[in-house]
Structure formats: structure tokens, C-alpha cells
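Topology and contacts: notes
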Amino acid sequence: RCCTSSIELDDGEFAVFEEMLQQLHPWKKGPLELFGVEIDTEWRSDWKWDRIQPFVTDLRDKVVADVGCANGYFMFRMLEQSPRLVVGIDPNIKAWLEFQVFQRYAQRPELQLEVLDGGELHFPLTFDVVFCLGVLYHTPDPIGMLRVLWKSMKPKAQLIVDCQGIPVQGAEDNPVALIPRRAYAKGNGMWWLPTPAALRIWLERSNFRDIEFFYSEKLSTEEQRSTKFANIPSLAEALDKDDETKTVEGYPAP
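First, a word on what this report is: a plain description of the structure on this page. All residue numbers refer to position in the chain's written sequence, counted from 1. Totals for whole chains, interfaces and linings use every residue, but because this is a predicted model, local features are given only for residues with pLDDT of at least 70 and side-chain atom pairs only at 80 or more, for both listing and counting. With hydrogens and water set aside, each side-chain value is computed from the structure's full complement of heavy atoms.

As a further point, take the pairing of strand β9 (residues 153-162). One requirement defines pairing of two strands: DSSP has to find at least two bridges between them. Secondary structure follows DSSP: runs of H or I at least 4 residues long count as helices, runs of E at least 2 residues long count as strands, and numbering of each begins at the N terminus. With six bridges connecting them, strand β8 (residues 127-133) and β9 associate as parallel partners. Paired with Val 130 across the bridge in β9 is Leu 159.

For the rest of this paragraph, the subject is the sheet that holds β9. Strand order in the open sheet formed by five strands is β7-β6-β5-β8-β9, and the pairing between neighbours is parallel. Bordering the open sheet on either side are β7 (111-114) and β9, each of which pairs with just one other strand. Each neighbouring strand pair of the sheet contributes to a mean axis angle of 20 degrees, computed without reference to strand direction. Contact criterion: two residues are considered in contact whenever any of their non-hydrogen atoms come within 4.5 Å of each other. All axes are obtained by fitting lines to C-alpha atoms, using only the stretch in contact for helices, and the reported angles, taken between N-to-C directions, cover 0 to 180 degrees. Strands in contact with helix α5 (residues 142-152) are β5 (63-67), β8 and β9; relative to β9, the strand with the most contacts, it is inclined by about 140 degrees.

Right, let's talk about the pattern of salt bridges for a bit. The salt bridge criterion pairs a side-chain nitrogen of Lys or Arg with a carboxyl oxygen of Asp or Glu, the two atoms within 4 Å. Scanning all chains against the criterion turns up ten salt bridges. Taking the shortest distance from any N to any O, the salt bridge between Lys 228 and Glu 18 comes out at 2.8 Å. Placement of the pair is Lys 228 in the loop between α6 (196-204) and α7 (235-238) and Glu 18 in helix α1 (residues 11-22), with a sequence separation of 210 residues. Note that Glu 80 is salt-bridged to Arg 77, the shortest N-O span being 2.6 Å. Type-normalised accessible area, obtained with a 1.4 Å probe on protein chains alone, sets the label of each residue: buried when under 20%, exposed when over 50%, and partly exposed for intermediate values. Glu 80 sits in the partly exposed class, given a relative accessible area of 48%. Classification of Arg 77 as buried rests on a relative accessible area of 14%.

It is worth spelling out the environment of Val 63 at this point. Mapped onto the elements of the fold, Val 63 is located in strand β5. Through-space distance from the C-alpha of Val 63 to that of Glu 212 is 22 Å; in sequence the pair is 149 residues apart. Setting aside its immediate chain neighbours within four residues, Val 63 contacts Arg 84, Leu 85, Thr 126, Phe 127, Asp 128 and Val 129.

Once that is clear, we can look at the packing of aromatic side chains. The pairing test for Phe, Tyr and Trp rings, Trp by its six-membered ring, is centres within 6.5 Å, and the orientation test on the planes gives stacked under 30 degrees, edge-to-face over 60, and tilted for anything in between. Following the criterion strictly, the structure yields eleven aromatic pairs and no others. Seen in terms of ring centroids, Phe 55 and Phe 214 are 4.1 Å apart; in terms of plane orientation they differ by 10 degrees. Their pairing is stacked. Of the two residues, Phe 55 is situated in the loop between α2 (45-52) and β5 and Phe 214 in the loop between α6 and α7; the sequence distance between them amounts to 159 residues. On the basis of relative accessible area, Phe 55 is assigned to the partly exposed category, the value being 34%. Owing to a relative accessible area of 28%, Phe 214 belongs among the partly exposed residues under this scheme. Arranged with centres 5.3 Å apart and planes meeting at 75 degrees, the rings of Tyr 73 and Phe 74 form a pair that is edge-to-face. Accessibility classification places Tyr 73 together with Phe 74 in one group, the buried group. Chaining the aromatic ring pairs together yields one cluster made of Trp 27, Phe 76, Phe 99 and Phe 102. Charges are assigned to positions over rings by a cutoff of 6 Å between ring centre and Lys NZ or Arg CZ, combined with an angular limit of 35 degrees from the ring normal. Across the ring face of Trp 43, the terminal group of Lys 48 is positioned such that the distance to the ring centre comes to 5.3 Å. Lying across the ring of Tyr 105, Arg 104 places its NZ or CZ 5.5 Å from the centre.

Listed below in C-alpha cells is the structure:
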């Protein structure tokens with residue numbers, strides 16, 4: 001659990017603080033904890049961090065970008081490796097406010113969150129490591145975004161990508177991507193959902209090399225779900241009740 005604090009609140013203070021945090025509902029990435037209030041977020045982002053951490057280069061003294069950082073959960077987790085600077089990029093002002101709740105008490109100057117779109121990451125040859133987690137399928141031009149990221153990276157820098165997609169099609173993985181007609185899994189902001197082969201080609205055509213896939217599994221309703229601090233329809237409500245391999249729209253499930 002990220003961002004714990006040793007300060008204790010009395011019952012009245014606890015209730016006021018918890019209500020204040022609820023005003024920023026829904027909380028997406030976590031879990032988080034502050035002043036004894038446990039924020040059970042929609043995503044079990046700690047599971048994702050545990051999966052990717054063994055494959056991330058040592059972040060000590062590195063300059064890092066977290067594109068689509070949301071409330072900064074992964075940024076705080078990166079502090080475990082003592083990076084020199086972590087720049088979070090997210091266009092959502094509410095995500096910035098959530099980040100500020102924790103940064104107000106953490107006071108970590110090496111963490112900076114900018115309210116920008118990932119395509120606005122115009123910092124040439126700046127970053128040693130770039131994280132792009134849960135972003136590409138939300139952009140209408142994923143290759144364009146990857147090229148922006150590539151230009152922002154130093155030579156021999158590392159890119160960590162997490163992207164929802166669709167299962168392998170047939171006996172071999174065909175380089176295709178699903179383009180939803182409107183919504184996908186009840187989400188209107190989904191543009192491209194690639195197979196692993198399609199994602200590899202996107203990366204190759206964006207100048208990336210030495211590409212390695214280290215995780216590809218069906219998304220579970222334990223990892224993304226509705227909670228007290230994210231009391232919204234989530235993955236379970238987005239799947240066909242009679243066939244969980246499909247979304248309610250009839251597309252392959254993520």
C-alpha cells in the first residue's frame with residue numbers, strides 16, 4: 001500500500017478527512033493510505049507494479065517520465081529506487097488534485113506532475129526511462145504518441161508499455177487491432193486494441209528496438225473492480241453476463 005503516514009487522527013478528524021477524500025471519487029490507481037484512511041481504488045495497481053518491476057532498469061539517479069500517471073501512484077512507488085526526477089504527465093485535473101493530497105504531506109521535490117496530454121511530451125533526449133501504462137488504447141494515434149515518446153528518450157533509454165488489447169487471433173498472432181464502433185467495455189475513450197503482434201509493429205515503426213513481451217493475460221475482475229472509493233461501474237459490469245470472454249458490446253474481452 002502506497003503513501004502511508006504515521007500521523008493519527010481522532011474519530012472526528014478521521015471522518016472529515018475520509019469525506020474530503022470521497023469528494024475526489026472515483027480513485028483509479030492504488031491502493032493508497034493516508035492518516036489511517038485506506039483508499040481501495042478501482043485498479044489494483046500494486047499487482048501491475050509487481051509484474052513490471054523485475055523488468056525495469058535500476059531507477060537510481062535516473063530521470064523518469066510516467067505518461068498517463070493519473071494520481072501518481074506509480075511515481076510514489078518509483079521512489080523505492082531513488083530516481084533523480086520523476087515527471088508525471090496526465091491531462092486530468094482531478095488526477096493532479098489527488099496527487100497533491102499526497103504530495104502535500106510527502107514533500108518529495110523529485111516528483112513533478114504536469115497537466116499535459118502524452119502527445120505534448122516535447123522534451124527531446126531527456127528521459128532515461130519512460131512508463132506508458134494504460135494509455136495507448138486511449139489515443140486515436142498510438143504510433144504518433146510512441147514517436148513522441150521515442151524523441152523524448154535518451155539513447156539506450158527504456159520504455160515500459162502496458163496496453164489493453166485483444167487475444168491472439170487464430171493459430172498465429174496476427175498484427176491486427178480492434179477499432180470499436182463506439183464504446184468498448186462501456187468506455188467511450190477506447191480507440192485501438194491491438195494483438196501483441198500489432199503492438200510490436202507499432203513499437204518497431206516508432207523506432208524502438210530490443211522489444212520484449214513479459215506479460216499477457218486476461219484482465220480479471222479482481223484487478224479492476226468497483227470499490228467504496230470508486231463506486232462506479234467497472235469491468236464486471238462491462239462483460240457479457242452469459243459469456244465473460246466478450247464485452248457487453250460483443251467484442252473480445254480485454
